[in-house]
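The primary structure of each chain is shown beneath.
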Amino acid sequence: MTEANNLKELRDRLADAGVEYLFGAYVDIHGVPKAKCVPIAHLEGWAAGSELYTVGALEGMGDLGPNEDECVGIPDLASLIQLPWEPRYAVAAADLYFHDEPYTHDCRRVLRRQVEEAASLGYRVDVGIETELYVLAQTDQGWRPLVTQDEDNAPTRGYDLESTILADSFLHPMVGYMNQLGWDVFSFDHEGGDGQYEFDFAYTDALTMADRLLWFHLLAKHVARGLGGIASFMPKPWSSAFGSGAHINISLADADSGDNLFAQPGSERNKVKYTELARSFTAGVL
């Protein structure tokens, strides 16, 4: 089947699923996805890089003045998802090119280059991210937890069962949408801060996980907005708050077998014996 036929089949399949618009999103230096919206009738042109961006107008995206050519955004179709909370939209992570070469300030390209270098050595880079956030609402007293009962505690409701249940209006749709996308949520909880939550979902290769974290931010903002609040990924929404982070769990796997190369054979959960490769990798990071 030719590429043109493949793209037509993709367009038809997306249209049948209710998709009307496409985004090919690159990421700016602040980790914010940027894209133009393309009607699905123009999928073929979109996939070929029809959308151009004056990235030099954005902070930290390189010194491209108004006299320079624009960057081309090429969507990575392997990353394409239909947003389950807004099914009229489909989103793909995009790579930026300048004069037919990968653009130097494309964050995704920086990661892809490292992943490709690891692959040349026979490694697959696996990443799991435990991401934390606050869900807040504006009140007469300023920004407070969306679940107001969170403040009826001393000193913290970290891991509190009741507090987790009280936040069901936010947590339940989050988990449902994440699982619709195939992310396999295996736990979630109320963290130590008032209005603070954490989600743990299945690890995958580094590039896919980085893309998923972008979509996770979009999802959390959408669900919180629907409840009259906001999702905040600030380290601290106020100075006395528990800090939010994203615990990054990273390992190397054999590119062919998928075996974890950081754990010695026979290691048990919570009793892992690390390989020399794991120690060497950690030393390199340090």
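Each remark here, short or long, concerns the structure printed above.
About the cut-offs
- Residues numbered from 1 in each chain as written.
- Predicted model: local features only at pLDDT ≥ 70, side-chain atom pairs only at ≥ 80, totals over all residues.
- Heavy atoms only, no water.
- Buried < 20%, exposed > 50% of the residue type's maximum accessible area, 1.4 Å probe, protein only.
- Helix = DSSP H or I, 4+ residues; strand = E, 2+ residues; numbered from the N terminus.
- Pairing = 2+ DSSP bridges.
- Contact = heavy atoms within 4.5 Å.
- Core = buried A, V, L, I, M, F, W, Y, C linked by side-chain atoms within 4.5 Å.
- Salt bridge = Lys/Arg side-chain N within 4 Å of Asp/Glu carboxyl O.

K.L.:
What is the right way to look at the pairing of strand 5 (residues 71-75) in this model?
P.N.:
A regular strand places its side chains so that they alternate between the two faces of the sheet. Going residue by residue along strand 5, you find Cys-71, Gly-73 and Pro-75 tucked away on one face and Val-72 and Ile-74 left uncovered on the opposite face. Inspection of the sheet shows strand 4 (residues 52-53) paired to strand 5 by two bridges, in the antiparallel sense. Within strand 5, the residue paired with Tyr-53 across the bridge is Cys-71. Looking at chain direction, strand 5 and strand 7 (residues 89-98) are connected through four bridges and run antiparallel. Counterpart to Pro-75 in the pairing with strand 7 is Ala-94.

K.L.:
When you look at the side chain of Thr-131 in this model, what are you seeing that I'm missing?
P.N.:
Tracing the chain through its elements places Thr-131 in strand 9 (residues 123-139). In this structure, Thr-131 is in contact with Tyr-197, Glu-198, Phe-199, Phe-201, Leu-213, Phe-216, Phe-233, Gly-245 and Ala-246, ignoring residues within four places of it in sequence.

K.L.:
Honestly, the pairing of strand 9 in this entry has me stumped. Any pointers?
P.N.:
Counted residue by residue, strand 9 has 12 buried out of 17 residues, so it is predominantly covered. Here strand 9 pairs with strand 13 (residues 204-205) via two bridges, running antiparallel. The residue bridging Val-127 from the neighbouring strand is Thr-204, located in strand 13. Two elements, strand 9 and strand 12 (residues 196-201), share four bridges in a ladder whose sense is antiparallel. Each residue of the ladder has a partner; that of Glu-132, found in strand 12, is Glu-198. Note that strand 9 and strand 14 (residues 230-232) share three bridges and pair antiparallel. If you follow Leu-136 over to strand 14, its bridge partner there is Ile-230. Here four bridges tie strand 9 to strand 10 (residues 142-145), and the two strands are oriented antiparallel to one another. Bridge pairing links Leu-136 to Pro-145 in strand 10. Counting the residues that bridge the hairpin from strand 9 to strand 10 gives two residues.

K.L.:
Help me out: how do you make sense of the nonpolar core in this one?
P.N.:
The nonpolar side chains of soluble globular proteins are, as a tendency, buried together. One finds Phe-170, Met-174, Met-178 and Phe-199 to be the most contacted residues of the largest nonpolar core, which totals 40 residues. Sorting elements by how many residues they give to this core places helix 6 (residues 206-226) first, with 10 residues. Once you skip the residues sitting within four places of it in the chain, Met-178 turns out to touch Trp-183, Val-185, Phe-199, Phe-201, Phe-216 and Leu-219. Core analysis: the next-biggest nonpolar cluster, separate from the first, contains 13 residues, Val-19, Val-38, Ile-40 and Ala-92 among them.

K.L.:
Please explain the environment of Lys-273 as it appears in this structure.
P.N.:
Following the sequence through the fold, Lys-273 ends up in the loop between strand 15 (246-254) and helix 7 (276-285). Sequence-wise, Lys-273 and Thr-139 are 134 residues apart; in three dimensions their C-alpha atoms are separated by 51 Å. Leave out the neighbours within four places in its chain, and Lys-273 touches Phe-262, Ala-263, Gln-264 and Ser-267.

K.L.:
Any chance you could explain the pattern of salt bridges here in plain terms?
P.N.:
Two side chains bearing opposite charge may form a pair once their charged atoms approach each other closely. Taken as a whole and judged by the stated rule, the model has 11 salt bridges. Ionic pairing is found between Arg-112 and Asp-95, a salt bridge with its closest N-O pair at 2.9 Å. Here Arg-112 is found in helix 3 (residues 107-120), whereas its partner Asp-95 is found in strand 7, with 17 residues between them in sequence. Just as Arg-112 is buried, Asp-95 falls in that class too. Taking the shortest distance from any N to any O, the salt bridge between Asp-126 and Arg-124 comes out at 2.8 Å.

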